[in-house]
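Structure at a glance
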Amino acid sequence: MIKTLDISPLGRVEGDLDVRVDIDDGQVVNAWTHAELFRGFEVILRGKDPQAGLIVTPRVCGICGASHLTSAAWALDTAWKTEVPRNAILARNIGQIVETIQSIPRYFYGLFAIDLINKKYRHSHFYQEACRRFAPFTGKSYEIGITISGKPVEIYALFGGQWPHSSYMAESFI
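Presented here is a report on the structure given in the accompanying data block. All values reported here derive from a predicted model rather than from experimental measurement. (Residues numbered from 1 in each chain as written. Predicted model: local features only at pLDDT ≥ 70, side-chain atom pairs only at ≥ 80, totals over all residues. Heavy atoms only, no water.)

Description of a nonpolar patch on the surface
On the surface, a cluster of nonpolar side chains totalling about 370 Å² of accessible area is made up of I94, I155, L158 and F159. The element that contributes the greatest number of residues to the nonpolar patch is helix α7 (residues 150-160), accounting for three residues. Along the chain, the position of I155 falls in helix α7. For I155, a relative accessible area of 36% puts it in the partly exposed group. (Patch = residues over 30% accessible without salt bridge, like charges linked within 9 Å, V, L, I, M, F, W, Y side chains within 5 Å. Areas by Shrake-Rupley, 256 points an atom, 1.4 Å probe, with all protein chains shown as cover. Salt bridge = Lys/Arg side-chain N within 4 Å of Asp/Glu carboxyl O. Helix = DSSP H or I, 4+ residues; strand = E, 2+ residues; numbered from the N terminus. Buried < 20%, exposed > 50% of the residue type's maximum accessible area, 1.4 Å probe, protein only.)

Below, the structure written as structure tokens:
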């Protein structure tokens, strides 16, 4: 007999995410995800100069602005058939890479791992170790993970002038 498990919303995801899985004899046999949150970039930018996307979209999220900036820049490059210099592409890629690298420990320690110390897991034989490592601000691994996540941001700031909310990719249009 197939049992369906609905997880809605799946917490700690940028925007709401619904997950449904079908389980048959202890194994997942089918899975679906559905993003419920409409962020409204299109509505915010309607009627604005196309270059507004370079300024507005990176500021919508405080953790992944480079992803939005990169997408906006490439969309304009495509629409305007811009020939982007190789060094500009490299600078964009470095910005995207280092923001992604900083995002991984921030997501893991700041959003995911702290759920492991939820009291509903207190009966697990791993619970005390999870608390020792992942408790916000006091966990041994938590502090190291959050601190190290600042290093890639320093690289990003060298290219973008600041982090978050940089708009340095606009330079290829000037």
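Further notes follow.
Examining the packing of helix α6 (residues 140-148) against α7
Between α6 and α7, the least distance of the axes is 4 Å, while the angle of their chain directions is 5°. The angle between α6 and α7 places the two elements in the roughly parallel class. Note on element contacts: α7 touches α6 through G150, K151 and P152, opposite I146, T147 and I148. Here the residues of the contact of α6 with α7 sort into three nonpolar, two polar and one charged. (Axes fitted to C-alpha atoms, helices over the stretch in contact; angles between N-to-C directions. Parallel < 35°, antiparallel > 145°, perpendicular 65-115°, else oblique. Contact = heavy atoms within 4.5 Å. Nonpolar A, V, L, I, M, F, W, Y, C, P; charged D, E, K, R; others polar.)

Focus: helix α5 (residues 127-134)
For an α-helix the count is 3.6 residues per turn, leaving residues at separations of three or four pointing the same way. Among all positions in α5, only Y127, A130 and F134 are buried. Angularly, the buried residues of α5 cover 60° about the axis, an arc narrow enough to put them on a single face. Buried residues along α5 sit in contact with α4 (86-112) and α6. (Arc of directions from axis to C-beta.)

Re the sheet that holds strand β1 (residues 2-7)
Here we have three strands laid out as an open sheet, ordered β1-β2-β3, and antiparallel in their pairing. The sheet is open, and its two borders are formed by β1 and β3 (27-35), each paired with just one other strand. Shown here is a sheet whose adjacent strand axes are inclined to one another by a mean of 15°, direction ignored. (Pairing = 2+ DSSP bridges.)

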